[in-house]
Amino acid sequence: MPDVTDDQPRITLIGKPGCHLCDDARIVVEKVSIETGAGWKEISISDHPDLAARYAEQIPVVLVDGAQHDYWRVDEQRLRTALTRRKGFFSRRDR
């Protein structure tokens, strides 16, 4: 599992300009990010050939803590649950 520090956003949205599914995903990610306090960032495959080669047929792609979580359509409740569950898991482990 990737090393996640407090200064790294937990959610990464990978998309491209002009993608209507990316616009829909951004709305969900923003909403869940605000509700959970999880940071997020957006990366365009147009700027990253390696990501374009890997995800071109799946965008938008959402990563949580560096691991692929969803693609095409982002389920709001599923994303919220993933953020809550993983955050809780790390908290219990650190006690």
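The structure we're discussing is the one just above.
**Q** Before we move on, can you summarise the overall build of the protein with the specific residues and values?
**A** Helix and strand content of the protein: three helices and four strands. Seen in sequence order, the protein has helices and strands lined up from the N terminus as β-α-β-α-β-β-α. Going through the 95 residues of the protein one by one, you find that 37% of them count as buried. Here the contacts in the protein between residues at least 6 apart in sequence split such that 63% fall between residues at least 24 apart. Carbon together with sulfur atoms contributes 50% to the accessible area of the protein, which is approximately 6100 Å² in total.

**Q** Talk me through helix α1 (residues 20-36); I want residue IDs and the actual numbers.
**A** Helix length check: α1 (17 residues) gives 25 Å between terminal C-alpha atoms against 24 Å at 1.5 Å per residue, within 8%. Taken together, the buried positions of α1 are occupied by Leu 21, Cys 22, Ala 25, Val 28, Val 29, Val 32 and Ser 33. Angular distribution of buried residues about the axis of α1 spans 130°; they occupy a single face of the element. Opposite the packed face of α1, turned more than 90 degrees from it, sit the exposed residues His 20, Ile 27 and Ile 34.

**Q** How would you summarise the nonpolar core if you had to cite specific residues and measurements?
**A** Within the largest apolar cluster, twelve residues are counted, these being Ile 11, Leu 13, Ala 25, Val 28, Val 29, Val 32, Ala 38, Val 62, Val 64, Val 74, Leu 79 and Leu 83. Of all the secondary structure elements, the ones that give two or more residues to this core are β1 (11-15), α1, β3 (61-64) and α3 (76-94). Among the elements that make up this core, the one with the highest residue count is α1 (four residues). Within the second largest apolar cluster, eleven residues are counted, among which are Cys 19, Leu 21, Cys 22 and Leu 63.

**Q** With reference to specific residues and values, describe the pairing of β3.
**A** By the alternation rule, side chains of β3 split into Val 61 and Leu 63 and Val 62 and Val 64, which are all buried. Note that β3 and strand β4 (residues 67-71) share four bridges and pair antiparallel. Across the sheet, Val 64 pairs through a bridge with Ala 67, a residue of β4. A loop of two residues connects β3 with β4, the two strands running antiparallel in sequence, and Asp 65 in this loop sits at a positive phi of about 55°.

**Q** How would you summarise the packing of aromatic side chains if you had to cite specific residues and measurements?
**A** Tallying each qualifying case throughout the model produces one aromatic pair. Here the aromatic rings of Tyr 71 and Trp 72 are separated by 4.7 Å at their centres, their planes lie at 70°, and the arrangement is edge-to-face. Residue classification places Tyr 71 among the partly exposed residues on the basis of a relative accessible area of 34%.

**Q** Got a sec to walk through the side chain of His 69? Specific residues and values, please.
**A** Within the element layout of this structure, His 69 appears in strand β4. When sequence neighbours within four positions are dropped, the list of residues in contact with His 69 reads Val 62, Leu 63, Val 64, Arg 78, Leu 79 and Ala 82.

**Q** Tell me about the pairing of β1, residues and numbers included.
**A** Taken across its five residues, β1 has five buried, putting it largely inside the fold. Residues Ile 11, Leu 13 and Gly 15 of β1 are buried on one face, and the alternating residues Thr 12 and Ile 14, pointing to the opposite face, are buried as well. In this structure, β1 lies alongside strand β2 (residues 40-44), joined through five bridges in parallel fashion. By the bridge assignment for β2, Gly 15 is matched with Ser 44. In this region the chain leaves β1, passes through α1 and returns to the parallel neighbour β2; the handedness of that crossover is right-handed. Where β1 and β3 come together, four bridges link them in antiparallel fashion. Opposite Ile 11, over in β3, you have Val 64 as the bridge partner.

Conventions and cut-offs
Residues numbered from 1 in each chain as written. Predicted model: local features only at pLDDT ≥ 70, side-chain atom pairs only at ≥ 80, totals over all residues. Heavy atoms only, no water. Helix = DSSP H or I, 4+ residues; strand = E, 2+ residues; numbered from the N terminus. Buried < 20%, exposed > 50% of the residue type's maximum accessible area, 1.4 Å probe, protein only. Contact = heavy atoms within 4.5 Å. Areas by Shrake-Rupley, 256 points an atom, 1.4 Å probe, with all protein chains shown as cover. Expected span 1.5 Å × (residues − 1). Arc of directions from axis to C-beta. Core = buried A, V, L, I, M, F, W, Y, C linked by side-chain atoms within 4.5 Å. Pairing = 2+ DSSP bridges. Phe/Tyr/Trp six-rings, centres within 6.5 Å; stacked < 30°, edge-to-face > 60°. Right-handed = clockwise from strand over helix to strand, strands pointing away.

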